[in-house]
Amino acid sequence: MLDSQGTAGTAFGLMPVEPRQGGYGPRTDRAWSRKPYGHPAAGWGAAVSVGRVVLDQREPIAGPLAMLQMNHPISGYDCPGCAWPDDLGNLKLDICENGIKHVTWEMTRKRVDRRFFAEHTVTELATWPDFDLEDQGRLTEPMAYDAATDHYVPISWDDAFALVGDELQSLDSPDEAAFYTSGRLSNEATFLYQLMVREYGTNNLPDCSNMCHEASGRALKASIATGKGTVDMHDWDDCDALFVLGVNAASNAPRMLTALADAVKRGAQVVHVNPLVEAGATRTIVPHDFVDMARFKATGTSTMNLQVRPGGDLALIRGMSKVVFEAAADDPSVLDSEFLSSLTNGVDAYRALVEATPWPDLVTQSGLTEEQIRATAAVYLASERTIISWCLGVSQHEHGVDTVREIVNLLLLRGNIGRKGAGPSPIRGHSNVQGNRTCGIDHRPTDAWLDRLAAVCRIDPPRHPGLDTVRTIEAMHDERVKVFVGMGGNFVLAAPDTPFTAQGLEKCRLTVQVSTKLNRSHLVHGEKALILPCLGRTERDQQAQGPQGVTVEDAMSMVHLSVGRKQPASAYLKSEPAIIAGLAKATLPDTQTPWDRYVGDYDTIRDVMAKVLPGFEGFNERVSGKHGFRIPQPARERVFETPSGRAEFSHAPLPDVIPESADTLVLQTVRSHDQWNTTIYSNDDRYRGVKNLRELVFLHEDDMRDRGLIEGDLVDIVSTSKDGSTRMLRAFRAVPYDLPRGSAAGYMPEMNVLIGRKDFSAQSDQPLMKSIQVTVARTGS
Ligand SMILES: Nc1nc2c(c(=O)[nH]1)N[C@H]1C(S)=C(S)[C@@H](COP(=O)(O)OP(=O)(O)OC[C@H]3O[C@@H](n4cnc5c(=O)[nH]c(N)nc54)[C@H](O)[C@@H]3O)O[C@H]1N2
Ligand SMILES: Nc1nc2c(c(=O)[nH]1)N[C@H]1C(S)=C(S)[C@@H](COP(=O)(O)OP(=O)(O)OC[C@H]3O[C@@H](n4cnc5c(=O)[nH]c(N)nc54)[C@H](O)[C@@H]3O)O[C@H]1N2
Ligand SMILES: [Mo]
């Protein structure tokens, strides 16, 4: 590993093969291939791909049957895939290809039991591809690392809890422990987790949101005093114009394709802004429309595609605002003057800033022509009701916060917020990542939250902020954090700077992973280590007072029940709430919190949550209704609870997103169609036309020509970090792709080694997963 900071060397537990250290799909000898994908998104390619995963996981019967319960109002479980909302009643079967893959992956009949761990040392497992690790199936009982033999060995739940309790109690300060959350946790588990952590005495609650939508949350809070989008599915059905920035819908939120196709069908304008024209941005066979599927009938999903420069969205939005102000000079009714003067702050300064920004700068920085920007603005001006939606293509940049705030600025100009069919609508990632924040996973909790928690739960929570993901990694490295608890997820591969993160974890006294499947984060561990296996979303959760259901919140603030019914993968699994309660009782000898009562009957957790969480009054009654309930949100009612009591315009300088050297490319990391974050189902990326290849870098053909490259050439990719250090990936294949010159793309998590520890946004602390500065040259040159 090329690393000028002197931390070279492969960390124990990472793939020992230089330079890739994780993110491997299945082993294959088959040749790779690439040809442009000519079919509409979803449709039969999706059906074939689902069939393969269902068969591979040996679930040909239970798999498809369980699908019938997925996202079923009241009696079903929530799809553990993405956070796109459930359909409100039109669809018989509200499911998608990737949701089915995801559920089947969890429901597999394969098991990782004590015999498996007895047969393989951790050192040996470290040499396995990530696919093979997860493909062993579900974890079945708690395991502890035995350094003497380098094996994981069985441990009882009580001993495991006691071990964690002893370690946590022996720390000099509760701030020497960090408690990570991945976005799968239910609301109930989340609430108990943060309660335990704060009762213990720290706000060190890093989460996957720190790498995902932290920028969106911060921006929306500053602008309109809510960390979330303000629209719901009905608004999506009512808008005249829909802007979709930096989302790969066909792969990452496939149920969104239906909404896009519906919008186009009813004559709404749908503008996709993305350096890549993704499959879902042209046309789809509506995934739920079996008649359309049978007839191969495709529906358009866009009316315009704009191939913006990576990081160029702010310039595009500002250009649109410029056109809006120009139009307002002739026709003042273009602006919603009443709304602006009574409910917003700072529009005059924004106008001055926009007017002072010259067109050539907007053109250069956005990578679009003035005509394109004007045409996009014309769509906005012609629309009565506009929704702007975005995902990681906006948030994972240095200027993510400023860009989301600029999006809100543009919406505010025409009063596109807090009314039918209009507003900001971030597309969230994990199925309950938004609920996790609502229920208290936040390293920077507000005083109001802590006050209510203190009053209702009778604890004395710490008031100083905790560590987020990048700060936790630094702190583990500096040995300021000595215990790491991962509640779900695959921290070592999801985080940036893989070897650095791995070394941090290895320096810990104790690492604990609560998981459903074996993954690399179990192999990169502290001096002591535990794997605690938990129930999955689809499984029956039997507690003292009977079977339990949990709740989740989707990307549009709808909270609903999720009830698993399947026989658990093993009799020794515990639910996440039960594991958290076990950890809490072992860690907090004097606790007054009724942990056993909470675990026996989750209604009792919800009763307490109803008192702590604003908008959750009557939680148990309200969530039992057909589609659950929407959390009340003042901004949706045009009540802006900012310090000024108004929606705030931002006034950010136009960022310069063009690298200094013409040789430097801006590399972004994306998901393939066949992966779920760090879980890789196959080496194919159907919609980008790639088969059997993940070690690739997509490049513009002119950028390839300049470097003397043709398709398939092996190249080395060298990244330069903010601190000047360099990192390298060797022998990846150059693949020509339709993206803006000067940019490049490849897959997470194998490219995470290129993201330096200092490469995070100063605005959000989010790692710069969409703008890595790289040079690409033929291997050996
Ligand atoms: N099947 C499946 N579903 C998933 C996931 C998964 O791994 N698999 N992951 C889940 C999670 S946690 C999340 S957060 C979401 C992620 O959903 P996405 O945000 O769709 O995830 P990425 O694959 O990172 O794709 C980022 C998109 O942004 C574009 N982009 C990159 N840079 C820019 C830019 O500067 N401007 C603009 N406008 N676009 C840009 C890329 O070309 C790409 O289309 O999906 C969730 N759903
Ligand atoms: N380079 C780069 N890196 C990225 C990103 C990127 O775009 N580019 N995206 C970032 C984003 S948006 C995110 S959200 C993070 C994702 O980071 P994480 O959430 O940490 O990672 P996942 O891969 O989703 O976690 C998969 C693991 O979760 C466990 N799991 C699955 N279901 C359950 C369950 O029900 N309960 C529990 N306890 N465990 C379960 C399984 O053991 C599985 O191995 O990655 C980030 N990393
Ligand atoms: Mo995410």
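Residue positions within a chain follow its written sequence, with the count starting from 1. Key to labels: chains lettered from A, ligands numbered from 1, both in the order written. Confidence filtering applies because this is a predicted model: local features only for residues at pLDDT of at least 70, side-chain atom pairs given and counted only at 80 or more, and all residues used for totals across whole chains, interfaces and linings. Values shown for side chains rest on all heavy atoms present in the structure; no hydrogens or waters enter the calculation.

As annotated in an unreviewed UniProt entry, the protein chain carries the name Molybdopterin-dependent oxidoreductase alpha subunit and is attributed to Microbacterium phyllosphaerae. UniProt positions are given in the numbering used here, feature names are shortened, and annotations may be inferred rather than shown by experiment. According to the UniProt record, the Sequence similarities (unreviewed entry) comment for the protein chain is "Belongs to the prokaryotic molybdopterin-containing oxidoreductase family."

Q: I keep staring at helix 7 (residues 157-170) and nothing clicks. Help me out?
A: In an α-helix, one turn spans 3.6 residues; hence positions three or four apart end up facing the same way. Runs of E in the DSSP output that reach at least two residues are strands. Runs of H or I that reach at least four are helices, and both are numbered from the N terminus. A helix's residues, less one, multiplied by 1.5 Å, set its expected span. For helix 7, spanning 14 residues, the distance from its first C-alpha to its last is 20 Å, which sits close to the expected 20 Å at 1.5 Å a residue. Between buried and exposed lies partly exposed: a residue is buried under 20% and exposed over 50% of the maximum accessible area for its type, with that area taken using a 1.4 Å probe on protein chains only. Buried within helix 7 we find Trp 157, Ala 160, Phe 161, Val 164, Gly 165, Glu 167 and Leu 168. The buried residues of helix 7 occupy one face: seen down the axis, they fall within an arc of 165°. Of the residues in helix 7, the exposed ones pointing more than 90 degrees away from the buried face are Asp 158 and Asp 166. The criterion used for residue contact is that any of the two residues' heavy atoms lie within 4.5 Å. For helix 7, the secondary structure elements touched by its buried residues are strand 7 (177-181), helix 8 (187-200), strand 16 (483-487), strand 17 (510-515), strand 18 (528-533) and helix 27 (576-587). For this quantity, the arc is that covered by the directions from the helix axis to the C-beta atoms.

Q: What is the right way to look at the side chain of Thr 642 in this model?
A: Checked against the element boundaries, Thr 642 lands in the loop between strand 23 (629-630) and strand 24 (647-648). Look past the residues within four positions of Thr 642 in its chain and what remains in contact with it is Lys 221, Ala 222, Ser 223, Ile 224, Ala 225 and Glu 648.

Q: Quick question: what am I supposed to make of the pattern of salt bridges here?
A: When their charged atoms lie close together, side chains carrying opposite charge are able to pair. For this analysis, a salt bridge means a side-chain nitrogen from Lys or Arg found within 4 Å of a carboxyl oxygen belonging to Asp or Glu. The final tally for this structure, using the stated rule, is 36 salt bridges. Among the salt bridges present, the one from Arg 138 reaches Glu 539, with a minimum N-O distance of 2.9 Å. Here the residue Arg 138 occupies a position in strand 4 (residues 138-139), and Glu 539 occupies one in the loop between strand 18 and strand 19 (541-543), the gap between them amounting to 401 residues. Owing to a relative accessible area of 1%, Arg 138 belongs among the buried residues under this scheme. Look at Glu 539 and you get buried, because its relative accessible area is 5%. A salt bridge links Asp 765 to Arg 471; the shortest N-O distance between them is 3.1 Å. With a gap of 294 residues between them, Asp 765 in the loop between strand 32 (743-747) and strand 33 (772-778) and Arg 471 in helix 23 (residues 469-477) connect regions that are remote in the sequence. The exposure class of Asp 765 is buried, given its relative accessible area of 12%.

Q: Hey, could you run me through the site of ligand 2 in this one?
A: Residues are labelled near a given molecule or strand when at least one of their non-hydrogen atoms is within 4 Å of it. The local shell around ligand 2 holds 31 residues, among which Tyr 180, Arg 184, Glu 576, Thr 678 and Asn 752 are the closest. In this structure, Ala 494 approaches ligand 2 through a main-chain N or O atom, which is 2.7 Å from a nitrogen atom. Classifying every residue of the shell around ligand 2 by side-chain character gives 12 nonpolar, 13 polar and 6 charged. In this entry, domain limits derive from an automatic or database-based domain assignment. Mapping the shell around ligand 2 onto the domain boundaries places at least three of its residues in each of domain 1 (2-38 + 658-778) and domain 2 (111-211 + 432-629). Polar contacts here mean pairs of N or O atoms no more than 3.5 Å apart (in protein, one a potential hydrogen donor and the other a potential acceptor; neighbouring residues in sequence count only if both atoms are side-chain atoms). Put simply, Ala, Val, Leu, Ile, Met, Phe, Trp, Tyr, Cys and Pro go in the nonpolar bin, Asp, Glu, Lys and Arg in the charged bin, and everything else, Gly too, in the polar bin.

Q: So what exactly am I meant to see when it comes to the domain arrangement of the protein chain here?
A: Size of an interface, as often reported, equals the accessible area lost when the parts are brought together. The domain boundaries assigned to the protein chain delineate domain 1 (2-38 + 658-778), domain 2 (111-211 + 432-629) and domain 3 (214-426). One C-alpha centre belongs to domain 1, the other to domain 2; they are set 31 Å apart. With 33 residues of domain 1 at the contact, the number on the domain 2 side is 36 residues. The term buried area refers to how much accessible surface (probe radius 1.4 Å) is lost by two components on association, counted for both of them together. Regarding the contact of domain 1 and domain 2, the summed buried area is about 2,800 Å², with carbon and sulfur atoms giving 57% of it. Applying the counting rule to domain 1 against domain 2 returns 4 salt bridges. The shortest N-O distance in the salt bridge between Arg 27 and Asp 132 comes to 3.1 Å. Taken together, the links from domain 1 to domain 2 amount to 15 residue pairs in polar contact (both at pLDDT 80 or more). For the side of domain 1 that touches domain 2, the residue count by class is 16 nonpolar, 12 polar and 5 charged.

Q: Help me understand the sheet that holds strand 32 in this model?
A: The pairing of strands in a sheet happens through backbone hydrogen bonds and is either parallel or antiparallel. When DSSP finds two or more bridges between two strands, those strands count as paired. Spatially, 6 strands are ordered 25-32-29-31-30-33 in a closed barrel, and the strand pairing comes out mixed. The sheet shows a mean angle of 45° between the axes of neighbouring strands, direction not considered. Where strand 29 (residues 696-699) and strand 32 come together, 2 bridges link them in antiparallel fashion. Residue Leu 699 lies in a different strand from strand 32, and its bridge partner there is Ala 744. Every axis in this analysis is a line fitted to C-alpha atoms, fitted for helices over the stretch in contact. Angles between the N-to-C directions lie between 0 and 180 degrees.

Q: Would you explain the sheet that holds strand 8 (residues 241-245) in this entry?
A: Overall, parallel pairing links the 5 strands, which are arranged 12-9-8-14-15 in an open sheet. With one partner strand each, in any of the chains shown, strand 12 (304-306) and strand 15 (423-426) form the two edges of the open sheet. The average angle at which neighbouring strand axes cross in this sheet is 15°, direction not considered. Pairing geometry for strand 9 (residues 269-273) and strand 12, over 3 bridges, is parallel.

Q: Would you mind going over unusual backbone geometry with me for this structure?
A: The phi angle of most residues is negative, glycine excepted, and most peptide bonds adopt the trans form. A cis geometry characterises the amide bond from Met 748 onward to Pro 749, with omega recorded as -5°. Among the structural elements, Pro 749 can be located in the loop between strand 32 and strand 33. For Arg 638, which is not a glycine, the phi torsion comes out positive at approximately 65°. Inspection of the secondary structure puts Arg 638 in the loop between strand 23 and strand 24. The class of Arg 638 is partly exposed, set by a relative accessible area of 22%. The phi dihedral of Asn 692 falls on the positive side, at around 60°, and the residue is not glycine. For Asn 692, the location among the structural elements is in the loop between strand 28 (690-691) and strand 29. With a relative accessible area of 15%, Asn 692 lands in the buried category.

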